[in-house]
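# Architecture and fold: a report
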Amino acid sequence: MPGSIPGSATADSRERVEAGTRVVATAASAGTRRTAWTRFVTLVRRKPLGALSAVILCGVVVVAILAQVVAPYDPYQFNLDHRGLPVRLQAPNATFLLGTDALGRDVLSRLVYGARVSLLVGFASVLAGTLLGTVLGLASGYCEGGVDSVLQRGVDTVMAVPGIVLALAVMSVLGQSLVNVIVVIAIVIAPGASRVVRGAVLAVKQNTFVDAAYAAGAAPWRIVLCHILPNVFAPILVIATVWLGNAIVIEAALSFLGLGTPPPTPTWGGMLGGEGRRNLETAPYLAIFPGLAISIVVLAFNMLGDALRDLLDPRLRTR
Amino acid sequence: MWTYIARRLLMGVMVLWFVSILIFSLVRILPGDAILMQLDQAAAPTPEVLARARQELGLDRPLLTQYRIWMGGVLQGDLGRSLMSRRPVTQELMKRISLTCHLAVMSMAIALLIALPIGILAAVKQDTAADYVGRFVAVLGLSLPDFWLATVAITFLAIWFGWMPPMGFAPIWTDPGRNLSQLLIPAAIIGARLAAVSMRMTRSSLLEVLRQDYIRTARAKGHRERAVILGHAFKNALIPVVTVVGQQFSVLLGGTVIVEFIFLQPGVGSLLLDAVQLRDYTVIQGAVLFFAAVIVFVNLLVDVSYAWLDPRIRYR
């Protein structure tokens, strides 16, 4: 229906602009009194898929924290049958809901414990990476000139190497451990984050309140921390959410390649890459369940990120 | 136009130079003996191998001299010898570059062939079933990790169709049939993410353009809808799409590493992975430098295509 295109496109854009102003307006009028609950209600009403993702992710976090209670078996235990032999490669059944792997370990329990590694690496690396990126971006955007050029050439350099290639190269030097995985992913995240923060800082700096603070004699660190940082928080939150999904994928990819958190610690990528790949033809569920776990969590982070971006920061919509 | 290209080229060379410093220092973050210890664990070499490796990496000389010697070699196309196989790294790379480039180009072509038409359709038929399906598939494409797709694909293709990727590599111009049967599926898997991202971008960018005044003018002049969309809107909507394709290319190239590993294809990615497993640092340096060079080159292409798509950009 060609005739409907201009109308709907304009309607869409108007709605976007209004949605943007509405968020800004309500945020401004309610100030800091808006509670987390009212924010969540807004999310549910305006972005039901985003809210569903948030609920799924909260569920996964709870399961990961309460792994000892939730997991039906010890994830490291080689389960034995009544003859004392390991119950190898059992298809999903009533005793082992998602089956067992080649060593007789319960897949469901390993998935539950694997959630710990994925989420820990995800949150820790994104926290470290965005923190570093924010510091670099604030410095780069606020100082401009020489500092900016030097920092941005550094960012160019790191961004010229694909994330997974950089991660592999750094892992080969640092060696395999959980902490190193976090460090490596943080290094991959930081440059992109600094770009986004820098852009936001450059925009915020144009505001008169920054000039006012300067005229009132505020020190540079005070302008950056008290006046600029709170105003670039929305884009930081949005990229952090999207990067959480990416960080979990990178962690899983490293474990899949056998270069992430060393075994026997259960990780989703490791289950997929080790046990899963070896026994794919006889026991495809070994690869399917960890893969599903990764996909669902990443999908949830992506949809939550989309929803947050639409609500918090209409300018980033096109990214 | 040419000064613009020259300036970009210069910047690209600078970035590559910085990358060389980065990977040079990366290998030397650890004290030299720690590297050799890892070498020891990996392959249990004899003392003479260790001595040779130390000399190879020039670990006994001052840092600046080491860098100058290494960089001098790199500039002449000599990336040193593999610490494990003793073969020249450049020669190893050369054998494998063709396959990786085939994969990268094919996956990009597949991604765009899928993304552009669906993106246009989703924008033109906004808020219809076609739009929702397209957008949902795109989010799905963003969320399914390539290593999982590849693992599942290789298994079920083998079970159902008895298909296994052929081992040796044939370039597409010598043996197209064999080349496609070898690379089409891996390339499609690598391209899935790019397809998803660029489809979303095509849709939102086209929606943005479609409500510009000149589109209304074009319609008012009585152009057919097809001509308005393809002739007037599409080219202007392409700039953000080219931007994300440029940004995502790095992810795509990273995807070749994983997919080459799973499909057992002898490309630069699998060379890098083997080197990482053996801690063969000269090979790691060479492979990282190759990937960075490709990305810098693609970024250059992206910049040039901006100038072609939007002549205003040239004069900045």
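About the cut-offs
- Residues numbered from 1 in each chain as written.
- Chains lettered and ligands numbered in written order.
- Predicted model: local features only at pLDDT ≥ 70, side-chain atom pairs only at ≥ 80, totals over all residues.
- Heavy atoms only, no water.
- Helix = DSSP H or I, 4+ residues; strand = E, 2+ residues; numbered from the N terminus.
- Buried < 20%, exposed > 50% of the residue type's maximum accessible area, 1.4 Å probe, protein only.
- Contact = heavy atoms within 4.5 Å.
- Patch = residues over 30% accessible without salt bridge, like charges linked within 9 Å, V, L, I, M, F, W, Y side chains within 5 Å.
- Areas by Shrake-Rupley, 256 points an atom, 1.4 Å probe, with all protein chains shown as cover.
- Salt bridge = Lys/Arg side-chain N within 4 Å of Asp/Glu carboxyl O.
- Buried area = accessible area lost by both parts, 1.4 Å probe.
- Polar contact = N/O pair within 3.5 Å; in protein donor to acceptor, adjacent residues only side chain to side chain.
- Nonpolar A, V, L, I, M, F, W, Y, C, P; charged D, E, K, R; others polar.
- Axes fitted to C-alpha atoms, helices over the stretch in contact; angles between N-to-C directions.
- Left-handed = near helix turned anticlockwise from the far one by under 90°.
- Core = buried A, V, L, I, M, F, W, Y, C linked by side-chain atoms within 4.5 Å.
- Expected span 1.5 Å × (residues − 1).
- pLDDT = per-residue confidence, 0-100.
- Parallel < 35°, antiparallel > 145°, perpendicular 65-115°, else oblique.

## Brief notes about the overall build of chain A
- Along the backbone of chain A there are 13 helices and zero strands.
- N-terminal to C-terminal, the α/β element order of chain A is α-α-α-α-α-α-α-α-α-α-α-α-α.
- Here chain A holds 319 residues, and 51% of them are scored as buried.
- The long-range share in chain A, meaning contacts at least 24 apart out of those at least 6 apart in sequence, stands at 70%.

## Things to note about the environment of V249 of chain A
- Considering the arrangement of structural elements, one finds V249 of chain A in helix α11 (residues 233-256).
- Taking C-alpha positions, V249 of chain A is 9.8 Å from W268 of chain A, a pair spaced 19 residues apart along the chain.
- Apart from residues no more than four positions distant in its own chain, V249 of chain A is found in contact with V298 of chain A together with P145 and F147 of chain B.

## Points about a nonpolar patch on the surface
Residue and element names in this part refer to chain A.
- A cluster of nonpolar side chains, namely L49, L52, I56, L292 and I296, defines an oily patch on the protein surface of about 430 Å² accessible area.
- Going through the elements one at a time, α3 (48-65) and α13 (285-312) are the ones with two or more residues in the nonpolar patch.
- Counting residues per element, the nonpolar patch draws most heavily on α3, which supplies three residues.
- With respect to the helices and strands, I296 occurs in helix α13.

## Here's the deal with the interface of chain A and chain B
- Listed by partner, the interface residues are 53 residues for chain A and 52 residues for chain B.
- Of the roughly 4,600 Å² buried at the junction of chain A and chain B (both faces included), carbon and sulfur atoms supply 72%.
- Counting the contacts that link chain A with chain B gives one salt bridge.
- Between D306 of chain A and R200 of chain B there is a salt bridge whose closest N-O contact spans 3.1 Å.
- Put simply, chain A and chain B have five residue pairs in polar contact (both at pLDDT 80 or more) between them.
- Broken down by secondary-structure element, the contributors of at least two residues to the side of chain A that touches chain B are α1 (4-30), α6 (145-159), α7 (163-174), α11, α12 (268-278) and α13 of chain A.
- Of the residues forming the side of chain A that touches chain B, the biggest block, 12 residues, is contributed by α13 of chain A.
- The residue makeup of the side of chain A that touches chain B, split by class, is 32 nonpolar, 12 polar and nine charged.

## Re unusual backbone geometry
- Here the phi dihedral of L264 of chain B falls at roughly 55°; this positive angle occurs in a residue that is not glycine.
- Note that L264 of chain B resides in the loop between α10 (225-262) and α11 (268-278).

## Brief notes about the packing of α11 of chain B against helix α12 (residues 281-309) of chain B
All names here are of chain B.
- Contact geometry for α11 and α12: axes closest at 9 Å, N-to-C directions at 145°. In the crossing of α11 with α12, the sense of the turn from one axis to the other is left-handed. Of α12, the residues touching α11 (which contributes V268, G269, L271, L272, A275 and V276) are V283, I284, A287, V288, F290 and F291.
- Looking at side-chain class alone, the contact of α11 with α12 contains 11 nonpolar, one polar and no charged residues.

## Considering the nonpolar core
- Counting residues in each nonpolar core, the largest one holds 157 residues, and the members touching the most others are L168 of chain A together with F147 and L272 of chain B.
- Here this core gets 18 residues from one element, more than from any other, and that element is α10 of chain B.
- Grouped together as the second largest cluster of nonpolar side chains are 13 residues, A200, V201, A213 and I228 of chain A included.

## Brief notes about helix α1 (residues 2-27) of chain B
- If you check α1 of chain B, its first and last C-alpha atoms are 38 Å apart, about what 26 residues at 1.5 Å a residue would give, namely 38 Å.
- Residues Y4, I5, G12, V15, V19, S20, I23, F24, L26 and V27 of chain B constitute the buried set of α1 of chain B.

## Quick notes on the pattern of salt bridges
Residue and element names in this part refer to chain B.
- For the structure shown, the criterion picks out 12 salt bridges over all chains.
- K95 serves as the salt-bridge partner of E92, at 3.3 Å between the closest nitrogen and oxygen. Placement of the pair is E92 and K95 together in helix α5 (residues 89-124), with a separation of three residues, close to one helical turn.

## A few points about the confidence of the model for chain A
- With 86% of its residues at a pLDDT of 70 or more, chain A shows a mean pLDDT of 78.
- Every residue in residues 1-32 of chain A scores below 50 in pLDDT, and together they form 26 contacts with partners more than four places removed in sequence or on other chains.

## Describing the packing of α6 of chain A against α1 of chain B
- Here α6 of chain A crosses α1 of chain B at 75°, and the two axes come no closer than 9 Å. Judged on the interaxial angle alone, α1 of chain B and α6 of chain A are roughly perpendicular. Contact with α6 of chain A, carried on its side by R153, D156 and T157 of chain A, involves M14, V15, F18, V19 and L22 of chain B of α1 of chain B and no other residues of that element.

## So, the environment of S204 of chain B
Residue and element names in this part refer to chain B.
- One can find S204 in helix α8 (residues 176-210).
- On the basis of relative accessibility, which here comes to 12%, the residue S204 falls in the buried class.
- In this structure the C-alpha to C-alpha distance between S204 and R279, which are 75 residues apart in sequence, comes to 44 Å.

## Looking at the confidence of the model for chain B
- Of the residues in chain B, 88% have a pLDDT of 70 or more, and the chain-wide mean is 82.
- The weakest mean pLDDT in chain B belongs to helix α2 (residues 32-43) of chain B at 54; the strongest belongs to α5 of chain B at 89.

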